[in-house]
Amino acid sequence: MNRSDAERIRTVLNSMGYEESDDEDDPDIGIKGVVSCSVRQKAIDRVYGRIRKWNAQRSRRSFLTFLTGCVLPVDQKKFRELFDIVFPIDTLMDFPDMICHYGVPTPISSLARPVPKRVDQNKNAGRIENFWSIKPSYTSGIEAYVPIQNGCNKFCSFCAVPYTRGREVSRPSEDILSELRQLVENGCRSITLLGQNVNSYGLDSHELSFPELMKAVGKIGVETQKRFWTYFTSPHPRDITRELLEIMACYDVLAKQIHLPLQSGDDRVLSRMNRNHCMDRYRQVVQDIRRMLPDATLFTDIIVGFPGESCEQFERTAEAMREFRYDMAYIAQYSPRPGALSSQWEDDVSKVEKERRYRALNEILRSEAMKVNKERIGKRLTVLITGRHRKEGFLTGYTEGRIPVKIKGSSMGIGNFVDIVVTSVKELSIEGTAMASTADQAS
Ligand code: SF4
């Protein structure tokens, strides 16, 4: 999401004549900024470190600093004293005016200011629609992120998103589909639909439902006859329906990869997390995925050390990891997020114990993923080539299931789909050799 936000910020700054620099310490830089994430305290701590460094540099040369992205109200207050400009991302359209307050010349080309479609009903919806109407300056020609939804109504007790991003707003379907069609026609090969609660898309409006949107994406694949993979993240297990899985099974352009956050394998912890589903429901979803999309890879998110999580409850999460055999898991040690309900509860699992649980789950992830990967040896898989490997003579890419791949050979171009035979595996990646004449040139 941050990368996607940054692509729109780039458009705005380019419209003012700024160019991007790869070197943060470049003396010619006129403005430096952060697109922050509030999911964990660690990320916010890094923002503090970065702005202190920049403010120290400002005794030698002058530049503006800005902060946007997900920032909790409590942090916003402190950051206002450290950054020149702090703004909610949905007010990006006003960013040039904020910069001009500092005496920077008027924008070279002004951004079009569309009339928000729903401003009368919902001020937030109008602001975020303005934001979405800014054309992103994509970082890559082959991989793109397309925001489809913003905010969340679920209020998981550990999460700050409803406080940083507000309530759910779905982007108009026609805008999403037109952006996606354009990307596909320009040769984009991998598109990720983004939202904080992506599969509740459409619940707040009369837009298409999420399965209907995915079906419309599938039809773009059929109509254009282009080859591409469409992903979505992050969904909530409650909103994964059989209808969605049926549609995913019907269209080649809907990638067979599902990110299904588990968070905890214990019903009582899930209930205190306000996840509003139990393990039986989660298990049912996984069974449906395995039955209807047998080749799909499964990713997850897990929190260890949630307030009150006993050793026994943690063991249930460990058991669930063995049962579901994830291809990838993003495991986090709990940290209280100010404003979220759980921040009022005692953070009573010690740091040492959180670390132990974190390591234990990582070990399970690695050993289970290794078993799954070993079953892939000798198989033929399609890979999207995304870059050069640091080792000479190899390329990097990923499978439809987003398993990272090291590919022997260097003559195939980035952006191609190529079929490989898997020759060896590691815990979280595989290695393979390209089969002759399978490269599919990007258009
Ligand atoms: S569903 Fe996701 S974004 Fe929404 S509150 Fe829960 S964890 Fe946060």
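It should be noted that the structure appears before, not after, this text.
Treat the numbers as computed from the prediction; the structure is a model and nothing was measured.

## Focus: the overall build of the protein
Each helix and strand counted, the protein has 13 helices and 16 strands in total. Against the globule reference of 22 Å for 443 residues, the protein gives a C-alpha radius of gyration of 23 Å, in line with a compact fold. Structurally, the protein occupies a C-alpha span of about 60 × 55 × 50 Å along its principal axes. Within the protein, buried positions represent 52% of all 443 residues.

## What about the site of the ligand?
The ligand sits among Cys152, Lys154, Phe155, Cys156, Phe158, Cys159, Val161, Pro162, Gln196, His236 and Arg275. Here the ligand is seated within the largest pocket. Per-class residue counts for the shell around the ligand are seven nonpolar, two polar and two charged.

## A short note on the sheet that holds strand 11 (residues 328-333)
In space, the three strands of this open sheet follow the order 9-10-11, with parallel pairing throughout. Among the strands making up the open sheet, the edge pair consists of strand 9 (257-259) and strand 11. On average, each strand axis in the sheet is tilted by 10° relative to the strand beside it, whichever way the strands run. One ladder, built from three bridges, connects strand 9 with strand 10 (residues 297-304); its direction is parallel. Within the sheet, the bridge partner assigned to Ile258 lies in strand 10 and is Leu298.

## Overview of a positive patch on the surface
Together, Arg390, Lys391, Lys408 and Lys426 give the surface a local cluster of positive charge. Following the sequence through the fold, Lys426 ends up in the loop between strand 15 (417-425) and strand 16 (430-434).

## Points about helix 11 (residues 279-292)
Structural remark: α-helix, 3.6 residues per turn; residues separated by three or four positions point the same way. With 14 residues, helix 11 should cover 20 Å at 1.5 Å per step; its first-to-last C-alpha distance of 20 Å lies within 8% of that length. Along helix 11, the residues that are buried comprise Met279, Tyr282, Val285, Val286, Asp288, Ile289 and Met292. The secondary structure elements touched by the buried residues of helix 11 are helix 9 (242-250), strand 9, helix 10 (267-272), strand 10 and helix 12 (311-324).

## Overview of the sheet that holds strand 13 (residues 394-399)
Sheet strands pair via backbone hydrogen bonds, and the direction of the pair is either parallel or antiparallel. Taken in spatial order, the five strands line up as 12-13-14-16-15 and close into a barrel, and their pairing is mixed. On average, each strand axis in the sheet is tilted by 50° relative to the strand beside it, whichever way the strands run. Sheet topology note: the strand 12 (residues 380-388)/strand 13 ladder contains five bridges and is antiparallel. In the sheet register, Leu384 faces strand 13, and the bridge partner there is Tyr398.

## A few points about the packing of aromatic side chains
For any pair of aromatic rings, the description rests on two quantities: the centre-to-centre distance and the angle between the ring planes. A full pass over the atoms with the stated rule returns 13 aromatic pairs. Ring geometry for Phe306 versus Trp345: centroids 6.1 Å apart, planes at 90°, classification edge-to-face. With a gap of 39 residues between them, Phe306 in the loop between strand 10 and helix 12 and Trp345 in the loop between strand 11 and helix 13 (351-374) connect regions that are remote in the sequence. Here Phe306 falls in the buried class, since its relative accessible area comes to 0%. By relative accessible area, Trp345 is classed as partly exposed at 30%. Chaining the aromatic ring pairs together yields one cluster made of Phe158, Phe306, Tyr334 and Trp345. Here the basic side chain of Arg58 rests over the ring of Phe63, its NZ or CZ set 6.0 Å away from the ring centre. A cation sits over an aromatic face here: Arg402 above Tyr231, 4.0 Å from the ring centre.

Quick notes on the rules
- Residues numbered from 1 in each chain as written.
- Predicted model: local features only at pLDDT ≥ 70, side-chain atom pairs only at ≥ 80, totals over all residues.
- Heavy atoms only, no water.
- Helix = DSSP H or I, 4+ residues; strand = E, 2+ residues; numbered from the N terminus.
- Rg over C-alpha atoms; globule rule 2.2 N^0.38 Å.
- Buried < 20%, exposed > 50% of the residue type's maximum accessible area, 1.4 Å probe, protein only.
- Near = heavy atom within 4 Å.
- 1 Å grid on protein atoms, 1.4 Å probe; cavity = no way out; pocket = protein on both sides within 12 Å on 5 of 7 lines; lining within 4 Å.
- Sits in = over half its atoms within 2 Å of the grid points.
- Nonpolar A, V, L, I, M, F, W, Y, C, P; charged D, E, K, R; others polar.
- Pairing = 2+ DSSP bridges.
- Axes fitted to C-alpha atoms, helices over the stretch in contact; angles between N-to-C directions.
- Patch = residues over 30% accessible without salt bridge, like charges linked within 9 Å, V, L, I, M, F, W, Y side chains within 5 Å.
- Areas by Shrake-Rupley, 256 points an atom, 1.4 Å probe, with all protein chains shown as cover.
- Salt bridge = Lys/Arg side-chain N within 4 Å of Asp/Glu carboxyl O.
- Lys, Arg positive; Asp, Glu negative; His and termini not counted.
- Charge placed at Lys NZ, Arg CZ, Asp CG, Glu CD.
- Expected span 1.5 Å × (residues − 1).
- Contact = heavy atoms within 4.5 Å.
- Phe/Tyr/Trp six-rings, centres within 6.5 Å; stacked < 30°, edge-to-face > 60°.
- Lys NZ or Arg CZ within 6 Å of the ring centre and 35° of its normal.

Distances and angles like these do not, on their own, reveal function.
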